[in-house]
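Structure assessment
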Amino acid sequence: MELTLNEAVTKVELSGIRQFTYMVRDTPGACALTIGEPDLNTPDAVKEAAKAALDANETHYPPGNGYPYMLEAVSKFEAEAHGLHYAPNEIIMTVGATEALFASFSTILNPGDEVIIPTPAFGLYEAIVQLRQAVPVHLPTQHNRYQIVPEELKAAITPRTKAIILTSPNNPTGCMYTRETLDAVHEILKDKPIFVLCDDVYRTLVYTGGYHSFAEYQDMRDRIIVIQSFSKPYAMTGWRLGYCMADAPIMDRIQVFHQYAVTSIPAFVQKACVTALNTDTSDVVEIFRGRRDYVYRRLVDMGLDVQEPEGAFYMFINIQKYGMDSQTFCEKMLREGLVGVIPGIHFGTEGYMRLSYCYSDEDLKEGLDRIEKFIKTL
Ligand code: PMP
């Protein structure tokens, strides 16, 4: 008897980031600069709100898309903080940005559709696209300071192109798209039946002015889906909470996928989410800005080629001069230098490594000292 599984699921590998992270964890004495989540804890007020909701027995099935007060709070927050206007019926609370992405891609993709993924990129996109039996089309950006080259985007578009994903600030580079880039992308896409997924989960962790999301191009509202998360700005990765926003007709369909996949997010976390939205995150931004400045300076002083990131909490470091592929380099550095970072290949870009600065000042100093010592041996 031969058992067959879904072809797409059989082909997709488990996350390369996670696999490498486990390797670092299992290396005795290794200093990890791998993880993509704040080392801070969820604010107390947010935790208290969840505890109070539990005590008030908010433990029953909530409405599928989120309680009306929750959707109102997101709608108000987005309008006030980001100038984006989505009505409560255009918002769904999701199990992290991960489910928001899965539900959105599942709603728009048919097998064989192409999705343009500017690289380097968070590996989740490629996996979801493949699980939907659609086709990821990489659009490299490392030769242009991580900005999309308009001519190259035009060349990547075919009659099968269904969507493009824009991540700003980006994981793994921390860089954000300039207004100029977004204008050029808008000019190319404005008359095309192509969806734009805006993965803006790092937009509150920005250290310079001039941030713009593609979601601002509301003339394309019928094709834009905005992805958000509570994970990063509020140190709530383990809560698994996010949301997506889109024009009502699309949201009407995304909710079908969401309903049958997860029913809803938990009931008792929703007051906590509202509390989070009302939390001032400027101190968190300051902490990460300080770390960014320190890590960037150290890497430059070591003679490493890295572009100064404007947001998020990663540095994407060029290691081409060492003549090794990124997996070999990172494994060697882990073994011999006892410091772990993620190989760039797991973000679709060879010749680079991603360092996370979601660590204490002491850990960052130790990790950077070890990198410095290791590269001197090469
Ligand atoms: N998008 C990007 C760019 C990310 O880096 C991550 C998490 N690393 C996610 C989405 C998923 O976030 P969540 O924890 O909300 O599922």
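None of these values were measured; they are calculated from a predicted model.

Here the focus is the overall build of the chain. Scanning the chain from terminus to terminus reveals 13 helices and 13 strands. Relative to its length of 378 residues, the chain is compact, with a C-alpha radius of gyration of 21 Å against a globular reference of 21 Å. In terms of overall dimensions, the chain has a C-alpha envelope of 60 × 60 × 55 Å along the principal axes. Relative to its full complement of 378 residues, the chain shows a buried share of 54%. Long-range contacts, defined here as pairs at least 24 residues apart, represent 76% of the contacts in the chain between residues at least 6 apart. Accessible surface, the chain as shown: approximately 16,400 Å² in total, 53% of it carbon and sulfur. Charged side chains of the chain number 34 positive and 49 negative; the gap between the two group centres comes to 2 Å.

Our next topic: unusual backbone geometry. Omega for the peptide link from T119 to P120 comes to 5 degrees, which places this bond in the cis form. Locating P120 in the fold gives a position in the loop between β3 (114–119) and α6 (124–131). Here the bond from N171 into P172 is cis, since omega is 25 degrees, no more than 30 degrees from zero. Turning to its location among the elements, P172 is positioned in the loop between β5 (161–167) and α8 (179–189).

Within the structure, the ligand sits among 14 residues, and A97, T98, D199, Y202 and S229 are positioned closest to it. In this structure, T98 approaches the ligand through a side-chain N or O atom, which is 2.6 Å from an oxygen atom. The separation between an oxygen atom of the ligand and a polar side-chain atom of S231 is 2.7 Å. Protein contacts shield 93% of the accessible area of the ligand, which totals 400 Å² for the unbound molecule. Along the lines of polarity and charge, the residues of the shell around the ligand split into five nonpolar, six polar and three charged.

Attention now moves to the side chain of S326. Here S326 lies in helix α12 (residues 326–337). When residues no more than four places from it in sequence are discounted, the contact partners of S326 are I319, P343, G344, I345, E350, G351 and Y352.

Quick look at the environment of Y296 now. Along the chain, Y296 falls in helix α11 (residues 282–301). Separated by 177 residues in sequence, Y296 and T119 have C-alpha atoms that sit 21 Å apart. The contact partners of Y296, leaving out residues within four places of it in the chain, are V306, Q307, E308 and M315.

This part covers the sheet that holds strand β4 (residues 135–140). As summarised here, the arrangement of the seven strands in space is β2-β8-β7-β6-β5-β3-β4, forming an open sheet in which the pairing is mixed. Among the strands making up the open sheet, the edge pair consists of β2 (91–94) and β4. Going from strand to strand, the sheet's axes swing by 20 degrees on average, the running direction of each strand aside. Alignment of strand β7 (residues 224–229) against strand β8 (residues 242–246), held across five bridges, turns out to be antiparallel. When the bridges of β8 are listed, I227 appears paired with C244.

It is worth spelling out the sheet that holds strand β9 (residues 305–306) at this point. Here we have four strands laid out as an open sheet, ordered β9-β10-β13-β12, and antiparallel in their pairing. Where the open sheet ends on each side, the last strands, each with one partner, are β9 and β12 (342–343). Across two bridges, β9 lies against strand β10 (residues 314–318) in antiparallel orientation. Considered in β10, the bridge of D305 is made with N318.

Tallied over the full model, the rule gives 16 aromatic pairs. Judged by centre distance (6.4 Å) and plane angle (65 degrees), the ring pair of Y146 and F316 falls under edge-to-face. One end of the pair, Y146, is in the loop between β4 and α7 (150–156); the other, F316, is in strand β10, with 170 residues separating them in the sequence. Accessibility assignment for this pair places Y146 and F316 in one class, buried. With a centroid separation of 5.2 Å and 45 degrees between ring planes, the pair formed by F288 and F313 is classed as tilted.

Let us look at the state of the cysteines. Taken as a whole and assessed by the stated rule, the structure comprises zero disulfides. C31 takes part in no disulfide bond, and the closest cysteine sulfur to it belongs to C358, at a distance of 13 Å. According to the relative accessible area criterion, C31 is buried, its value standing at 10%. The structure places no disulfide on C273, whose sulfur is separated from the nearest cysteine sulfur, that of C244, by 14 Å.

Core analysis: the biggest nonpolar cluster contains 73 residues, and F105, L355 and I371 have the highest contact counts within it. Taken domain by domain, this core gets at least three of its residues from each of domain 1 (7–42 + 281–375) and domain 2 (44–277). When sequence neighbours within four positions are dropped, the list of residues in contact with L355 reads L33, V295, F313, Y314, M315, I317, V341, L368 and I371. Counting residues in hydrophobic clusters, the runner-up holds 50 residues, among them A49, V137, A267 and V274.

Turning our attention to the domain arrangement of the chain. Domain parsing of the chain yields domain 1 (7–42 + 281–375) and domain 2 (44–277). One C-alpha centre belongs to domain 1, the other to domain 2, and the line joining them spans 24 Å. Taken together, the contact pairs 34 residues of domain 1 with 38 residues of domain 2. Roughly 2,900 Å² is buried in total at the junction of domain 1 and domain 2, and carbon and sulfur atoms are behind 60% of that figure. Of all residues in domain 1, the largest losses of buried area upon contact with domain 2 belong to T42, Q307 and E310, amounting jointly to 26% of the total for that side.

Rules of the game
Residues numbered from 1 in each chain as written. Predicted model: local features only at pLDDT ≥ 70, side-chain atom pairs only at ≥ 80, totals over all residues. Heavy atoms only, no water. Helix = DSSP H or I, 4+ residues; strand = E, 2+ residues; numbered from the N terminus. Rg over C-alpha atoms; globule rule 2.2 N^0.38 Å. Buried < 20%, exposed > 50% of the residue type's maximum accessible area, 1.4 Å probe, protein only. Contact = heavy atoms within 4.5 Å. Areas by Shrake-Rupley, 256 points an atom, 1.4 Å probe, with all protein chains shown as cover. Lys, Arg positive; Asp, Glu negative; His and termini not counted. Charge placed at Lys NZ, Arg CZ, Asp CG, Glu CD. Near = heavy atom within 4 Å. Polar contact = N/O pair within 3.5 Å; in protein donor to acceptor, adjacent residues only side chain to side chain. Nonpolar A, V, L, I, M, F, W, Y, C, P; charged D, E, K, R; others polar. Pairing = 2+ DSSP bridges. Axes fitted to C-alpha atoms, helices over the stretch in contact; angles between N-to-C directions. Phe/Tyr/Trp six-rings, centres within 6.5 Å; stacked < 30°, edge-to-face > 60°. Disulfide = S-S within 2.5 Å. Core = buried A, V, L, I, M, F, W, Y, C linked by side-chain atoms within 4.5 Å. Domains from an automatic or database assignment. Buried area = accessible area lost by both parts, 1.4 Å probe.

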